[in-house]
Amino acid sequence: NPQGFIPRASWGGVPSSASITYDDRFLTGGADATFTFNDNLSIIRGSHLIKLGIAISRLREYEGEQSVFTGTYDFARDTNNPFDSNWAYSNTLLGNFRSYQEATARYGANLRQTLAEWFAQDTWKVTRKLSVDYGMRFTWYNIFHYPEKYAGQAALLAVERYDARKAPVLYRPAIGPDGKRMAQNLLTGEFVPVPYIGAFVTGSGDPAPGAVLSGDKTYPKGWVNQQPVQLGPRLGIAYDPFGRGTTAIRAGAAILYNFRVTRWSATAKNPPATFTPILYYGNLDTFLQSAGVLFPSDTRSFNKDNLTPAVYNLTFGVQQNVGFATRLDVSYVGTLGRRIDQSKNLNTLPYGIRFLAQSMDPTSPGKPLPDIFLRPMPGYAGMTYYDNAYSSNYHALMVAVDRRFTKGLQFGLAYTYSKFMEYSSIPIYRPLRVWSYGKSGSDQTHNMVLNYLWELPKASARWPNPVVRHVLDNWQISGITAFVSGQPMGVGFSTTDGADITGGGDGSRIVVTGKAPLPRGQRSFDRWFNTAAFARPAQGDPGNAPRDVIRGPGFNNWDLALVKRIPVLSEQRHFQFRWEAYNAFNHSQFSGCDNSARFDPQGNQVNARFGQITSARAARVMQASLRFTF
C-alpha cells in the first residue's frame, strides 16, 4: 500500500454499521490502444469488380492494477477471539481485529494481440438478370497474451498438469484440549483457532498445484495453442428471374469469426501470481510481524486446444414490387453459432457427497464437513473452465412490407417468426442437452412492428380561407406500433427449511408434473401460469425442469406523434409543433412474474405470489415541443 490508501474495513454485529469498501481495481491506470494499417485495391475487368484488401492491427489492453492491496480489516464480534471486547467499535479502538487480509501482489492486465486479415472478392455481373458476389476472408491472430516483460504477473490452471497429491494439507475440524471446536494440523497435532478450518497448513504442499504463470516457455503463449489461418468464405446471389426489375431473388452465406474472446483480464488475480493470505485474531500494533495463512482460492482454466468461435450466416429471400409504391420481402435468416465460449466449474461437488458417512464433520454431529474438504480437485475452491465447445441456433421467417412516401402516406410492416436456442449453465454431472440447451432469454416467437407516417390532406383545398389554412393544414400523424411475444423463463424454487436436496452436484431444479403454460384465455394477473404443475423434489432428486418452462408476458405498444407545421411568411421559416405520446393508450404492459416457488417440508407451495405478475413497463409518457426553423 505505497500510496497509503485507507484500508477497507467492516464492523459486523453493529446495526447499520459503517463500512469502508471499494473495488479491487484502483485508478492507477487503464487504457486500450489499437494501431491499425489497412489498404484496399479495386480492379474493374469487364463484368467483374475485383477487390483486394489487407488490415493489420496491434492491440494493447491495460486494465489497471487490481487486488486487495490496501488490506481489509474485519472488527466484528467473535466469541472465539481471545481479544474480543464484545463490540465491534470498541474492538477497533483497542486495535483488535477478527481478521486481516492483504494481497501479495498488485498487477494489472497487460495484454497484447496481433491481428492480420486479408481478402479477395469478385462482384460478377454474370448476365443482366444475375449478379454474384463471392470471395474469401483470411484471418490470422495470436491469442491475447502477456509480453515477456510482464512474465509472472498472471496465472492460469493447466488442468493436464494438476496433481492432487501436490495439494497442501488442510487444517481439519477437531475438539481441542479444552473441549472446544478448533482447527488441527494433522501433520503435527497442533491446534489453532476455529476460523483456520479449511486453511492450508503452511509448507505442506503447492498452494497452486498445476498453475502456469504467464511467460512460462513450456506452455503456449496466452495458455491456448496457436490457431491456424481462419477461412471465411462469402457468397451472395441476386437474380431477377423475369428481367423487369420488379422481382428479386437473393441468397447469401458467410462464416465470421470472433477472435477477441477476452477472458484474460482476471488472470492477474489467480494464484500463484497473486495470493491473499489472511490473519485471524491480531492487533494493529503487532500484526505486521505476523504471518497469515492461505485458503484454497478460486481459479480459472482454459481449454488449451480452444478453437475459434464462429458464426454461420445464411439468408434466402424474395422481394416483389406489388405496385402502389409498395415492396413485399419474404426471407429466411439463419444464424448458427459454433464453438461458442461457455464456462463450467470443474470443482463442482459430486451429487450426494454431503450425505456420505465419511463426509460428516466429527465436531458437528449430523453436519457434513465444509465443502472445501469434499472438492474432487483439492487445493482449489471454484475452478472455472472456459471452453469454446457450444452452439446456438437462430432461425427466422421475416416478412416485410414497405411503402415509399407517396401521396402523403408512408408505412412499413415487419414481422418475424423465429426461434433462438442456445446453451448456458453448463453442468458437470447432469446430461448436457437436457440441463443446458433451451430457448435463449431473448427468444421472442412473434415480433411485429408497424411504422407509419400520414400527411393529412390539406383542408384548405376544400374550404379555401386563411383560417382553415393556418389551423387545419400541414398536420402529420406518425407512430410505431409493436406486438411482441414474451420471453422464455425458467421456474426456480426454495425451501422454508433450507434443506440440502442433492448433497452436491450441479444443483437441483423444481419437479414439473404437468403442463405449465396456460391458454391465453385462462391467464390472469394473479395466475400467469399453472402453479399446480410443480412440486418439491425429494432428497437426492435433482429435479426434471428444463432450462425454460414458461414465457413471460408479451406486450403491445403504441407510440404516436402529432406534428403541425406553421409557416412564417415563407416556406423557409416555420414553426413546428410536436406532441408525442409513448404508450399512447396507457395500456398496461406487464414485464415480469414471480417464477420462484417456495416449499415447506411437507411439499406444500407457500409463496402466495407464485405465478403472479410482479412488474410492468412504463406508463404513458407525453412530451411537447415547439421549434422554429429559419
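Residues numbered from 1 in each chain as written. Predicted model: local features only at pLDDT ≥ 70, side-chain atom pairs only at ≥ 80, totals over all residues. Heavy atoms only, no water.

**Q** Where do I start with the pairing of strand β20 (residues 380–406) in this structure?
**A** Regular strands show a simple pattern: their side chains alternate between the two faces of the sheet. The sheet contact formed by strand β17 (residues 297–302) and β20 spans five bridges and is parallel. Among the inter-strand pairings, S297 is bridged to a residue of β20, identified as Y380. As defined by bridge partners, β20 adjoins strand β21 (residues 409–423) across 13 bridges and the pair is classed as antiparallel. The partner of A400 across the bridge, within β21, is A414. Where β20 folds back onto β21 in an antiparallel hairpin, the turn is made up of two residues, including K407, whose phi is positive at roughly 55°. (Pairing = 2+ DSSP bridges. Helix = DSSP H or I, 4+ residues; strand = E, 2+ residues; numbered from the N terminus.)

**Q** Which parts of the structure should I look at to understand a nonpolar patch on the surface?
**A** A cluster of nonpolar side chains, F37, I54, I56, W118, V229 and L231, forms an exposed patch at the surface whose accessible area comes to about 500 Å². With respect to the secondary-structure elements, V229 resides in the loop between β13 (211–213) and β14 (230–239). (Patch = residues over 30% accessible without salt bridge, like charges linked within 9 Å, V, L, I, M, F, W, Y side chains within 5 Å. Areas by Shrake-Rupley, 256 points an atom, 1.4 Å probe, with all protein chains shown as cover. Salt bridge = Lys/Arg side-chain N within 4 Å of Asp/Glu carboxyl O.)

**Q** Just checking my understanding: could you explain the nonpolar core for this structure?
**A** The tendency in soluble globular proteins is for nonpolar side chains to be buried side by side. Counting residues in each nonpolar core, the largest one holds 31 residues, and the members touching the most others are Y73, F97 and Y196. Secondary-structure elements contributing two or more residues to this core are β6 (96–101) and β16 (278–283). Counting residues in hydrophobic clusters, the runner-up holds 21 residues, among them L115, L156, Y219 and V224. (Core = buried A, V, L, I, M, F, W, Y, C linked by side-chain atoms within 4.5 Å. Buried < 20%, exposed > 50% of the residue type's maximum accessible area, 1.4 Å probe, protein only.)

**Q** How should I be thinking about the packing of aromatic side chains in this particular structure?
**A** If you walk through the whole model with that rule in mind, you get 32 aromatic pairs. Judged by centre distance (4.8 Å) and plane angle (65°), the ring pair of Y100 and F287 falls under edge-to-face. Of the two residues, Y100 is situated in strand β6 and F287 in the loop between β16 and β17; the sequence distance between them amounts to 187 residues. Judged by its relative accessible area of 9%, Y100 falls in the buried class. Aromatic pair Y196 and Y280: ring centres 5.0 Å apart, planes at 75°, arrangement edge-to-face. You can see Y196 sitting in the loop between β12 (191–192) and β13 and its partner Y280 sitting in strand β16, a full 84 residues away along the chain. We classify Y196 as buried; its relative accessible area is 10%. Directly above the ring of F69 sits R106, whose terminal nitrogen or CZ lies 3.9 Å from the centroid. The ring of W435 is capped by R509, whose NZ or CZ atom sits 3.8 Å from the centre of that ring. (Phe/Tyr/Trp six-rings, centres within 6.5 Å; stacked < 30°, edge-to-face > 60°. Lys NZ or Arg CZ within 6 Å of the ring centre and 35° of its normal.)

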